[in-house]
Amino acid sequence: MKLIYNIGLLVGIQPEGVLRLEGADMARTGTLENAWLRIEDGRIVDFGKMADLVGHDAPSSVMPGSDRESIDAQGGMLMPGFCDSHTHVVYAGSRDGEFLDKINGLSYEEIAARGGGILNSSDLLNKTSEEQLFQQSMGRVKEMMEKGTVALEIKSGYGLCPGGELKMLRVIDRIKKSVPATVKSTFLGAHAVGRGYSHEEYVQAVIDMIPKAAEYADFVDVFCDEGFFTVEDTDRILEAANHLLTPKIHANELAVSGGVQVGVKHLALSVDHLERTTEAEISALKGTWTMPTMLPGSSFFLGLPYGRAKDFIQAGLGVALASDYNPGSSPCGDMRFVMAQGCIKMRLTPIEAFNAVTLNSAYAMGVSEQYGSITRGKKAALILTQPGWDLTKIAYQYQTPFIRQVLL
Ligand code: NIG
Ligand code: FE
């Protein structure tokens, strides 16, 4: 049993059974001032107001000091930890060699067309030992956990051949077993056409990899975008993965690709990126279980338009935000910065952005029954802040350290 008391502000309270937030509900979250919260076996069992806790009829099990593990929050804010539903943190080395090309004006597509980009990372990954890949990737995951991420999804997609893709999936699996954060695994064989294959041959190779990949992965992803994989390729791959892996799709980053519609058709749990969308994508998503997920870190790094989160919410949809942490378009896994960009660049209110990086991003990787809100029975995967912070301040003053402790 652990009691956290003197909590200045408890935020993110949701009733049991709320697995995502849509439309106007995104602007709301439950809060309690001057609160306590009790944890048992790693789960939130109860919370309430300090005034009730110190009253003479309070049960002794929730009295401060009744347990050695009690934490005096000293007026800090307690919030659910960040959930990052879209990352590529398993990669080898870095692509800082392309940073100058980018600065000098080459676009993401131009760098890729010159054999850089994803293929560059793929060459490096296939030369790197599995142990090295694990060590490098663990460094990034640890960095993310220190910054408050308690659940994350990780994709393959830099192997681009059966051996390399399986190596990545095994490394993700080993990370799953090595960290206290929850990790979900996605097979993204269709990230780029692997070296030595024709486009057609590679799509078939991806389809052939699916049964083996499904032994490790939770999800399947396709980079359905201009210059990468078509709607037809995506349709074939998702058809082959039907009943084995739930889709999460890269869509509409570089062009209005049709990726949203093909994802919705195959009951994708999320469609991600969405830097370029029209009213047709918004209509296609209405009334579906698919979570539109936007990645402001890649808009920032590549100079792309930001997703139209506000329009999606006004249309009654939910929005999740994730980091896209990867070497080519978003070399940063800081979800607090993602939340700040949601406010600064996408004009989300701090509460909307907070819901997008907690409950909705938990939903977008299938873990919102356990993560993403302060709810009795959910995992006590929490961020305790220094005194004086609230949701507005962590987005506004977006570089000042605010975390006192991540509870995992
Ligand atoms: O989500 N868009 C495709 N994949 C990644 C980038 C991967 C890379 O460039 O290494 C993304 O942005
Ligand atoms: Fe991505």
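Reading the values: rules and limits
- Residues numbered from 1 in each chain as written.
- Chains lettered and ligands numbered in written order.
- Predicted model: local features only at pLDDT ≥ 70, side-chain atom pairs only at ≥ 80, totals over all residues.
- Heavy atoms only, no water.
- Disulfide = S-S within 2.5 Å.
- Buried < 20%, exposed > 50% of the residue type's maximum accessible area, 1.4 Å probe, protein only.
- Helix = DSSP H or I, 4+ residues; strand = E, 2+ residues; numbered from the N terminus.
- Polar contact = N/O pair within 3.5 Å; in protein donor to acceptor, adjacent residues only side chain to side chain.
- Contact = heavy atoms within 4.5 Å.
- Core = buried A, V, L, I, M, F, W, Y, C linked by side-chain atoms within 4.5 Å.
- Near = heavy atom within 4 Å.
- Areas by Shrake-Rupley, 256 points an atom, 1.4 Å probe, with all protein chains shown as cover.
- Nonpolar A, V, L, I, M, F, W, Y, C, P; charged D, E, K, R; others polar.
- Pairing = 2+ DSSP bridges.
- Domains from an automatic or database assignment.
- Buried area = accessible area lost by both parts, 1.4 Å probe.
- Salt bridge = Lys/Arg side-chain N within 4 Å of Asp/Glu carboxyl O.

Right, let's get into the state of the cysteines. Summed over the entire model, instances satisfying the criterion amount to zero disulfides. Looking at Cys83, it has no disulfide partner, and the nearest cysteine sulfur is the one in Cys332, 17 Å off. Assessed through its relative accessible area of 0%, Cys83 is described here as buried.

Among the secondary structure elements, Asn360 is positioned in helix H15 (residues 359-363). At a separation of 2.8 Å, a polar atom in the side chain of Asn360 contacts the main-chain amide nitrogen of Leu21. In this view, Asn360 contacts Arg20, Leu21, Met26, Met291, Gly318, Val319, Ala320 and Asn355; residues no more than four positions away in its chain are not counted.

Here we take up the nonpolar core. Core analysis: the biggest nonpolar cluster contains 96 residues, and Ile154, Ile175, Phe187, Ile237, Leu321 and Met339 have the highest contact counts within it. If one sorts the elements of this core by residue count, helix H7 (residues 199-213) sits on top with eight residues. In contact with Phe187, not counting residues within four places along its chain, are Ser156, Glu165, Leu169, Val206, Met209, Ile210, Ala213, Ala217, Phe219, Val220, Asp221 and Leu245. Ile7, Leu10, Ile13 and Phe47 belong to the second-largest nonpolar core, a separate cluster that totals 17 residues.

A few words now on the site of ligand 1. Neighbouring residues of ligand 1: 15 residues in total, closest Tyr108, Tyr158, His191, Glu253 and Ser329. At 3.0 Å from an oxygen atom of ligand 1 is found a side-chain nitrogen or oxygen belonging to His250. Expressed as a share of its isolated accessible area of 320 Å², the protein-covered part of ligand 1 is 100%. Considering only residue class, the shell around ligand 1 consists of four nonpolar, eight polar and three charged.

Within the open sheet, the eight strands sit side by side as E6-E7-E8-E9-E10-E11-E12-E13. Their pairing is parallel. Among the strands making up the open sheet, the edge pair consists of strand E6 (82-84) and strand E13 (320-321). Of the strand pairs in this sheet, strand E11 (residues 270-273) and strand E12 (residues 291-294) are connected by four bridges, and their pairing is parallel. Each residue of the ladder has a partner; that of Asp272, found in E12, is Thr293.

So, on to the domain arrangement of the chain. Domains assigned within the chain are domain 1 (2-81 + 373-407) and domain 2 (82-363). For domain 1 and domain 2, the distance between their C-alpha centroids amounts to 31 Å. Contacts between the two partners involve 34 residues from domain 1, matched on the other side by 32 residues from domain 2. Both sides of the domain 1 and domain 2 interface together cover about 2,500 Å² of buried area, and 68% of this is carbon and sulfur. Counting across the domain 1 and domain 2 interface gives ten residue pairs in polar contact (both at pLDDT 80 or more). Of all elements in the fold, only strand E1 (2-13), strand E5 (76-80), strand E14 (382-387), helix H16 (391-396) and strand E15 (403-407) reach the threshold of two or more residues within the side of domain 1 that touches domain 2. Here the residues of the side of domain 1 that touches domain 2 sort into 19 nonpolar, ten polar and five charged.

Considering all chains together, one arrives at 21 salt bridges under this definition. Between Arg174 and Glu131 there is a salt bridge whose closest N-O contact spans 2.9 Å. Note that Arg174 is positioned in helix H6 (residues 162-178) and Glu131 in helix H5 (residues 130-146), a separation of 43 residues in sequence. Judged by relative accessible area, Arg174 falls into the partly exposed class, the value being 36%. Overall, Glu131 belongs to the partly exposed group, its relative accessible area being 38%.

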